[in-house]
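Observations on chain architecture
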Amino acid sequence: MEKILLTERNSVEATLAAKSRWQHSLRTAVRSGIELCRRLDLPPEAVSPSAEKDFPVFVPEEYLQRIRPGDLTDPLLRQVLPAPDETLPGGQLDPVGDLQVQRTAGMLQKYAGRALVITTGACAIHCRYCFRRHFPYSQVAVGPATWAHWMDQLQADPSIDEVILSGGDPLSLVDGQLQRLLAAIDAVPTVRRIRIHTRFPVVIPSRVTEELIELLRASRAAVYCVLHVNHGQEIDDAVRAAIVGIRRSGAVLLNQSVLLRGVNDDVEVLASLNRELVDMGVLPYYLHQLDPVRGALHFEVGDDRAREIWNELVRQLPGYAVPRLVREVPGEPSKTPL
Ligand SMILES: *Cc1c(COP(=O)(O)O)cnc(C)c1O
Ligand code: SF4
């Protein structure tokens, strides 16, 4: 009897541990450039204090483990290190015109039929090239207090048949919150699809808990999950397991990458990434040209080079494994193909 109770308690504890492992990863993430250098055997001069002040460092342990120590050219490191190049002049604070297209606080609409909501300012990681790195999350009050306004908008405009959960990263919400948000959206009958833009399954794969899988499965509206992977080195066994988990929920899986100088501006890198994605049942969706955000211009790849890489991908990969090469031009009715 005692033994059975003990086993039960252990399994309850295991469930609780699985539930909170990702939150532990967020709490213990590396939050300073100096610490990042110390952990990865890099000289402290690799970090620019002013770049770091502009956009803080945030790298969880799971991602850190995939970075090669002592190598300033590591493609994962380049995505998270506040480099001296970030202080080069140029670039905009809101390069895609997000703040011009708010329907109500935290709800943006740029394109026909699709509303995008800023569910949170929190992310699993801070990507240095992020086009929302200067987004005034605190002014655009995000969070449950604004959800009712979003639902009013959806009720009032039946032409919106898709809601995109963005941010920040929507999977930063705990399962209970996410469940309430999904249920509220699901209750608007004119919404046919819910899209989740997230980097969690790739950065902190333990976020994909059984509870999350269940919650996605329970949605009436079709769920599309758009991952953000830029390089094959970001994919390890834990990421593969997280992707299998999301597939079990019945969600459709897509991926978007950003074309980044010194990270993935290379035919071999992108061919192997996209091959691996389709092997896992994740369809490449977009390959984005960098949005010219202040602090990230050193990641820019010229249009001619971008087209050259893309044309070679078309020659090497099955059609369904080639993402669309696009740029976001503020004011245009869709992303613009190059
Ligand atoms: C990119 C974006 C979308 C989605 O566009 P798709 O081409 O459907 O992927 C929707 N809303 C906003 C505000 C966007 O920036
Ligand atoms: S996870 Fe997405 S929103 Fe967050 S910093 Fe990276 S690119 Fe930006």
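In the block above lies the structure referred to throughout.
What counts, and at which threshold
Residues numbered from 1 in each chain as written. Chains lettered and ligands numbered in written order. Predicted model: local features only at pLDDT ≥ 70, side-chain atom pairs only at ≥ 80, totals over all residues. Heavy atoms only, no water. Phe/Tyr/Trp six-rings, centres within 6.5 Å; stacked < 30°, edge-to-face > 60°. Helix = DSSP H or I, 4+ residues; strand = E, 2+ residues; numbered from the N terminus. Buried < 20%, exposed > 50% of the residue type's maximum accessible area, 1.4 Å probe, protein only. Pairing = 2+ DSSP bridges. Right-handed = clockwise from strand over helix to strand, strands pointing away. Near = heavy atom within 4 Å. Polar contact = N/O pair within 3.5 Å; in protein donor to acceptor, adjacent residues only side chain to side chain. Areas by Shrake-Rupley, 256 points an atom, 1.4 Å probe, with all protein chains shown as cover. Nonpolar A, V, L, I, M, F, W, Y, C, P; charged D, E, K, R; others polar.

**What about the packing of aromatic side chains?**
Per the stated rule, a full pass over the model turns up four aromatic pairs. Consider the rings of Tyr 129 and Phe 299, whose centres lie 5.9 Å apart with planes at 85°: the pair is edge-to-face. Of the two residues, Tyr 129 sits in the loop between strand S3 (114–118) and helix H6 (144–156) while Phe 299 sits in the loop between strand S8 (283–288) and helix H12 (303–316), which places them 170 residues apart along the sequence. Exposure remark for Tyr 129: the relative accessible area of 5% places this residue in the buried category. Aromatic pair Tyr 285 and Tyr 286: ring centres 4.0 Å apart, planes at 25°, arrangement stacked. A residue is classified by how much of its surface remains accessible, and Tyr 285, at 15% relative accessible area, is buried. Residue Tyr 286 is classed as buried on the basis of its relative accessible area, which comes to 13%.

**Quick notes on the pairing of strand S9 (residues 324–327)**
For S8 and S9, the ladder comprises three bridges, and the chain directions are parallel. Along S9, the bridge assignment pairs Leu 287 with Leu 325. Note on the crossover from S8 through H12 to S9: the handedness is right-handed. Bridge count between S9 and strand S10 (residues 336–337): two bridges; the pairing is antiparallel. Bridging from a neighbouring strand, Arg 327 pairs with Thr 336 of S10.

**Some words on the site of ligand 1**
Residues in close proximity to ligand 1 include Lys 110, Tyr 111, Arg 114, Leu 116, Ile 164, Arg 195, Tyr 285, Tyr 286, Glu 328 and Lys 335, which together make up its full environment. Taking Arg 195, its side chain carries an N or O atom lying 2.8 Å from an oxygen atom of ligand 1. Tyr 285 is positioned with one of its side-chain polar atoms (N or O) 2.6 Å from an oxygen atom of ligand 1. When the free accessible area of ligand 1 is taken as 390 Å², the share hidden by the protein chains comes to 93%. The set of elements that each furnish at least two residues to the shell around ligand 1 consists of strand S2 (107–111), S3 and S8. Looking at the shell around ligand 1, its residues break down into five nonpolar, no polar and five charged.

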